Amino acid sequence: MALADTTRGISNGGNSGSLFPEIIELNVGGQVYVTRHTTLIAVPDSLLWNMFSQRTPKELARDSKGRYFLDRDGFLFRYILDYLRDLNLVLPDYFPEKCRLQREAEFFQLHDLSKRLSPKVSKENSISEEICQSDTEEAALFAAVGGSSLEASRAVSSVSSVNPRSPSLESRKSGYITVGYRGSYTIGRDTQTDAKFRRVARITVCGKTSLAKEVFGDTLNESRDPDRPPERYTSRYYLKFNFLEQAFDKLTESGFHMVACSSTGTCAYASNDPNEDKIWTSYTEYVFCRD
């Protein structure tokens with residue numbers, strides 16, 4: 001009977017020539033993965049191959065539970081791991097993180113994977129359909145001018161001068177975005193006029209994913225919904241900051257204006273003592289529209 005190994009794995013004798021167990025647990029940016037040792041060393045001279053074949057378990061960083069720790073993008077690592085399993089690359093139909101995944105491939109020294117993810121240029125010097133999906137505007141312009149790189153560059157400059165805030169042609173679409181937040185206010189006694197303030201726990205974003213990503217960019221936390229197609233709707237996004245006015249500014253700069261809002265709230269004492277401060281909690285939603 002195999003016993004649990006102190007290196008966060010299960011050794012069943014299948015990897016007796018290595019100091020590492022056959023089954024290894026990883027913590028990659030807070031995401032936990034369980035895989036075989038042979039998978040991690042599938043590509044010679046890669047970073048993972050070097051870590052798990054040329055070094056000892058004691059030399060590698062661990063988290064508080066003893067799992068091997070890598071300070072990288074935990075959600076993109078699943079594609080790195082999929083590639084290591086059979087050296088094939090399979091991505092979702094809509095995958096906006098292609099350029100970021102290429103950066104991860106370069107970090108892990110998976111050169112063949114990095115080449116597959118890089119934009120390809122044909123003999124006619126035009127970008128193929130495998131261009132990074134984050135470069136939507138450039139791809140559309142290349143198609144519009146028939147693939148001439150010189151004319152495409154001029155077209156990009158022309159679009160930028162007309163509408164410098166539009167990162168892509170997608171930004172011209174109309175639609176609705178709903179911003180919601182759950183907040184609380186401390187309402188003090190009459191002698192404590194300075195006790196009133198607002199606390200915002202989290203600002204949520206609901207609507208079409210393409211619009212939400214256009215407006216909020218890197219400040220949008222989409223970790224729970226990473227592969228949703230751009231024409232789909234989501235209610236699972238939230239913002240990485242807690243300033244409601246900052247969200248309003250971003251919406252205004254993108255051409256949105258508020259068309260409706262609603263709020264519900266309750267008031268209660270923080271303790272059973274009526275002399276203590278009152279706490280007012282509320283949930284509010286604001287609907288923004290761009291025609």
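Peer 1: Go over helix α4 (residues 98–107), please, and point to the residues and values.
Peer 2: Listing the buried residues of α4 in full gives K98, L101, Q102, E104 and A105. All buried residues of α4 lie within an arc of 160° about the axis, which places them on one face of the element. Buried residues along α4 sit against α3 (77–86) and α5 (111–117). One or two positions beyond α4, positive phi appears at Q109, with a value near 60°.

Peer 1: Can you lay out the pattern of salt bridges for me, pointing to particular residues and giving the numbers?
Peer 2: Tallied over the full model, the rule gives eight salt bridges. The closest approach of N and O atoms between D63 and R67, which form a salt bridge, is 3.0 Å. Take D63: its relative accessible area is 17%, and that puts it in the buried class. Its relative accessible area of 14% is what places R67 among the buried residues. R100 is the salt-bridge partner of E97, the closest N and O atoms lying 3.1 Å from each other. Judged by relative accessible area, R100 falls into the partly exposed class, the value being 37%. Counted as one network, the salt bridges with shared partners bring together D73, E97 and R100.

Peer 1: Outline the packing of aromatic side chains, supporting the account with residue identities and numerical values.
Peer 2: One pass over the full model with this rule turns up 10 aromatic pairs. On the numbers, 5.2 Å between centres and 65° between planes, the contact of Y33 with F77 is edge-to-face. Residue Y33 is found in strand β4 (residues 31–36), and its partner F77 is found in helix α3; the two are separated by 44 residues along the sequence. Side by side, Y33 and F77 carry an identical accessibility label, which is buried. Taking the centre distance of 5.4 Å and the plane angle of 45° together, the rings of F248 and F288 count as tilted. Of this pair, F248 sits in helix α9 (residues 244–253) while F288 sits in strand β11 (residues 278–290), and the two are 40 residues apart along the sequence. You can call F288 buried: its relative accessible area is 4%. Directly above the aromatic system of F107 lies the positively charged group of R72, at a separation of 3.8 Å from the ring centroid. Directly above the ring of Y238 sits R202, whose terminal nitrogen or CZ lies 3.8 Å from the centroid.

Scoring rules and cut-offs
- Residues numbered from 1 in each chain as written.
- Predicted model: local features only at pLDDT ≥ 70, side-chain atom pairs only at ≥ 80, totals over all residues.
- Heavy atoms only, no water.
- Buried < 20%, exposed > 50% of the residue type's maximum accessible area, 1.4 Å probe, protein only.
- Helix = DSSP H or I, 4+ residues; strand = E, 2+ residues; numbered from the N terminus.
- Arc of directions from axis to C-beta.
- Contact = heavy atoms within 4.5 Å.
- Salt bridge = Lys/Arg side-chain N within 4 Å of Asp/Glu carboxyl O.
- Phe/Tyr/Trp six-rings, centres within 6.5 Å; stacked < 30°, edge-to-face > 60°.
- Lys NZ or Arg CZ within 6 Å of the ring centre and 35° of its normal.

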